[in-house]
Amino acid sequence: MSPRAAWRLETLGFEQVHDYVGGKADWLANGLPREGAKAVPFAGELADTDPPTCALHTPVADVRAALDGSRYGFCLVVNERRIVLGRVRRSAINDTEPTATAESVMEPGPSTVRFDEPVAALVQRLAKRDLKTMVVTTPAGCLVGVFHRADAEARLGPPEGS
């Protein structure tokens, strides 16, 4: 809402009025509530919000343990605010010293999408590139979760043209 509209609502007696400076796009990208009959599913709504994570200083032995029995072939490296810093692939730690750190074997800055990425478009994009997952973050880089193409296809059906 514009500052002018916020001020007008206050003059009408509304007490809890806020000027959301980021605008509608930022609101949706952060996964804040929305409504409407035409609302399409967003990637953040289908994301697994509890993927394996570790810190920069986490020993590779602990990363390996987190991945054992997991559906994931990677562990996301995050800071104390859950900002995504990198990704450690299982294949990168197979022959690595157990005392090495996640930071020493991580791939910095993995590709991400925002919460409000339309599911159908993301499924098509991942299928075209033969990718299975995509990391979902807020505009500030905070981890929302991991989107799994197979989960979306099971829920929504396969993408058109495949």
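Here we summarise the structure given alongside this text. Computed from a predicted structure; not experimentally measured. (Residues numbered from 1 in each chain as written. Predicted model: local features only at pLDDT ≥ 70, side-chain atom pairs only at ≥ 80, totals over all residues. Heavy atoms only, no water.)

**Section: the side chain of R87**
- Along the chain, R87 turns up in strand β3 (residues 84–89).
- If sequence neighbours within four positions are ignored, R87 has contacts with F74, C75, L76, V77, M106, E107 and P110. (Helix = DSSP H or I, 4+ residues; strand = E, 2+ residues; numbered from the N terminus. Contact = heavy atoms within 4.5 Å.)

**Overview of the pairing of strand β7 (residues 143–148)**
- Of all 6 residues making up β7, 6 are buried, and the element is well covered by its neighbours.
- In this structure, strand β6 (residues 133–137) lies alongside β7, joined through 5 bridges in antiparallel fashion. By the bridge assignment, T137 is partnered in β7 with L143. (Buried < 20%, exposed > 50% of the residue type's maximum accessible area, 1.4 Å probe, protein only. Pairing = 2+ DSSP bridges.)

**Here's the deal with the packing of aromatic side chains**
- Scanning all chains against the criterion turns up 2 aromatic pairs.
- Between F42 and F115 the ring centres are 6.5 Å apart and the planes differ by 80°, which places this aromatic pair in the edge-to-face class. In this pair, F42 sits in the loop between α2 (23–29) and α3 (43–46) while F115 sits in the loop between β5 (112–114) and α7 (119–128), placing the two residues 73 residues apart along the sequence.
- Overall, the relative accessible area of 8% leaves F42 in the buried class.
- Its relative accessible area of 13% is what places F115 among the buried residues.
- Ring plane angle 80° and centroid distance 5.4 Å describe the contact between Y72 and F74, whose orientation is recorded as edge-to-face.
- Take Y72: its relative accessible area is 4%, and that puts it in the buried class.
- Its relative accessible area of 8% is what places F74 among the buried residues. (Phe/Tyr/Trp six-rings, centres within 6.5 Å; stacked < 30°, edge-to-face > 60°.)

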